[in-house]
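Structural features, examined
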Amino acid sequence: MFAAYAARIDRDRPLNGLELGERPEPQARPGWSTVTVKAASLNHHDLWSLRGVGLGEESLPMILGCDAAGIDEQGNEVVVYPVVGLSGHGVGPDEPRSILTERYQGTFAEKVSVPTWNLLPKPKKLSFEEAACLPTAWLTAYRMLFTNAGVRPGDTVLVQGAGGGVATAAIVLAKAAGLRVFATSRDEAKRKRAEDLGADAAFEPGARLPQRVDAVIETVGAATWSHSVKSLRPGGTLVISGATSGPHPKAAELNRIFFLELKVVGSTMGTKDELADLLSFCALTGVRPVVDTVLPLDRAREGFEKMAGGDLFGKVVLTV
């Protein structure tokens, strides 16, 4: 079967390790299902895998891709939940959780095999391309907002780095849930796009906001950390799920954190139940993932190049 996979690890030039070509089809195993992939979406996790983060040389070649929507062996339209081992279904009792492409082959292929427990029904109102955007970036944003930040309708949130998959999802979800949304981006066009998606206002990074916020959605890391902390009201919550600009900010702002009793919460992915809730939320409200580009699988390298260069707003989707 045709697939996009990591053939080599290159920490400095990750795309050098990306290959497109034939790979073996998944083998049947008890408790697992094979899904015929209709659409899959890219995440920064795929670039990190090519750099060797969470993926060792001993596991190569590894088909990339965490997210997918497709058709199972019974003909059902399904969405793949990408965390394997969280429940013990389909794996050994002592196996730690992992995300597809870390231990098991990923979704950038004509077929993918996952524990049957990891499959959720795809709402009829969502296309395969839309549904394929939800399990990683959009699920991460959903958990950051509604589980870890604990925001409620009427609260105000700051979303750093508008344009990225998680940040874009957070803007759309927060607005649909009745929150006031501020966003930041270095790019004027992306600030305008954030406002078009529902942000009440968009600013350059580091700009003074009209008011302090109840929560910050942080995925940028070092470049925006100080601004995130300074933007919170006393008792507010900063939720971080990534650090695309690096993990070491110039100032940790510890004095401000303890004096204002701020909460800093790490967040990674989400649960299967949260993904089910997110699918229902999108189906019922009409909220849809923001898609930057749709490409056929054999043009996956173009999608990786767009993501690596930051030249996108929303998700890159590969269709099979």
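For the structure given in this document, a descriptive report is provided here. Counting restarts for each chain: residues are numbered from 1 in the order of the written sequence. A pLDDT threshold of at least 70 governs which residues receive local features in this predicted model, and a stricter bar of 80 or more applies before side-chain atom pairs are shown or counted, although totals over entire chains, interfaces and linings include all residues. Think of the side-chain values as coming from all heavy atoms in the structure, minus any hydrogens and water.

Digging into the nonpolar core
Convention followed: For this analysis, a nonpolar core means a set of buried residues of the types Ala, Val, Leu, Ile, Met, Phe, Trp, Tyr and Cys, connected via side-chain atoms within 4.5 Å. Buried residues are those whose accessible area, probed at 1.4 Å on protein chains only, stays under 20% of the maximum for their type, while exposed residues exceed 50% and partly exposed ones sit between those limits. A run of H or I in DSSP becomes a helix once it reaches four residues, and a run of E becomes a strand once it reaches two; helices and strands are each numbered from the N terminus. In this analysis, two residues are considered to be in contact whenever any of their non-hydrogen atoms come within 4.5 Å of each other.
Counting 53 residues, the largest nonpolar core has Trp138, Leu145, Val157, Leu173 and Leu278 as the members making the most contacts within it. Of all elements in the fold, only helix H2 (128–131), helix H3 (134–148), strand E11 (156–159), helix H4 (165–176), strand E12 (180–184), strand E14 (213–218) and helix H8 (272–285) reach the threshold of two or more residues within this core. When neighbours within four sequence positions are excluded, leucine 173 is seen to be in contact with Trp138, Ala141, Tyr142, Leu145, Phe146, Leu278, Phe281 and Val287. With 40 residues, the next largest nonpolar core counts Ala4, Trp32, Met62 and Val84 among its residues.

Observations concerning the sheet that holds E14
Filter applied, for reference: Should DSSP find at least two bridges between two strands, the strands are regarded as paired. With axes taken as lines fitted to C-alpha atoms, and helix axes fitted only over the stretch in contact, angles between N-to-C directions fall between 0 and 180 degrees.
The parallel open sheet is built from six strands, whose spatial order is E13-E12-E11-E14-E15-E16. For this open sheet the edge positions go to strand E13 (201–203) and strand E16 (263–266), each flanked by a neighbour on one side alone. The mean angle between the axes of side-by-side strands here comes to 20°, regardless of whether they run parallel or antiparallel. Inspection of the sheet shows strand E15 (residues 232–240) paired to E16 by four bridges, in the parallel sense. Residue pairing for E16: valine 239 is matched across the bridge by valine 265.

A word on the sheet that holds strand E2 (residues 18–22)
Read across the sheet, three strands follow the order E2-E1-E4 without closing on themselves; strand pairing throughout is antiparallel. A strand with exactly one partner marks an edge of an open sheet, and here the two such strands are E2 and strand E4 (62–63). In terms of strand pairing, strand E1 (residues 2–6) meets E4 through two bridges, oriented antiparallel. Paired with tyrosine 5 across the two strands is isoleucine 63, which belongs to E4.

A few points about the packing of H3 against H4
Note the threshold: An angle counts as roughly parallel when it lies under 35 degrees, as roughly antiparallel when it exceeds 145, as roughly perpendicular when it falls between 65 and 115, and as oblique in every other case. The hand of a helix crossing depends on one turn: near helix anticlockwise from the far one by less than a right angle means left-handed, and clockwise means right-handed. The nonpolar class holds Ala, Val, Leu, Ile, Met, Phe, Trp, Tyr, Cys and Pro. Asp, Glu, Lys and Arg form the charged class, and all remaining residues, Gly among them, are polar.
At a minimum axis distance of 8 Å, the contact between H3 and H4 shows a crossing angle of 55°. The angle between the axes of H3 and H4 places the two elements in the oblique class. Read as a crossing pair, H3 and H4 show a hand that is right-handed. Where H3 abuts H4, its residues Ala137, Trp138, Thr140, Ala141, Tyr142, Met144, Leu145 and Phe146 lie against Gly165, Val166, Ala169, Ala170, Val172, Leu173 and Ala174. Taken together, the residues that form the contact of H3 with H4 break down as 13 nonpolar, two polar and no charged.

Some remarks on the packing of H3 against H8
Packing of H3 against H8 leaves a shortest axis separation of 10 Å and a crossing angle of 95°. When the axes of H3 and H8 are compared, the pair comes out roughly perpendicular. Residues Leu134, Pro135, Trp138, Leu139, Tyr142, Arg143 and Thr147 of H3 pack against Glu274, Leu275, Asp277, Leu278, Leu279 and Cys282 of H8. Here the contact of H3 with H8 is composed, by residue class, of nine nonpolar, one polar and three charged.

Considerations on the pairing of strand E6 (residues 77–80)
Two strands pair when backbone bridges link them, and strand E5 (residues 69–71) and E6 are joined in this way by three bridges, in the antiparallel orientation. Looking across to E6, one finds that glycine 70 is bridged to valine 78. Here E5 hands over to E6 after five residues, with glycine 75 in that stretch at a positive phi of 85°.

Notes on the packing of aromatic side chains
For the record, the criterion: Two rings from Phe, Tyr or Trp (for Trp, the six-membered ring) form a pair when their centres are within 6.5 Å of each other. A pair whose planes differ by under 30 degrees is stacked, one over 60 is edge-to-face, and the rest are tilted.
This structure, assessed with the given rule, holds six aromatic pairs. Measuring from ring centre to ring centre gives 6.2 Å for tyrosine 81 and tryptophan 117, while their planes differ by 75°; the resulting arrangement is edge-to-face. You can see tyrosine 81 sitting in the loop between E6 and strand E7 (83–84) and its partner tryptophan 117 sitting in the loop between strand E9 (111–115) and strand E10 (119–121), a full 36 residues away along the chain. Where phenylalanine 182 meets phenylalanine 203, the ring centres are 5.8 Å apart and the plane angle is 85°; that geometry is what we call edge-to-face.

That is the geometry; function is a separate question.
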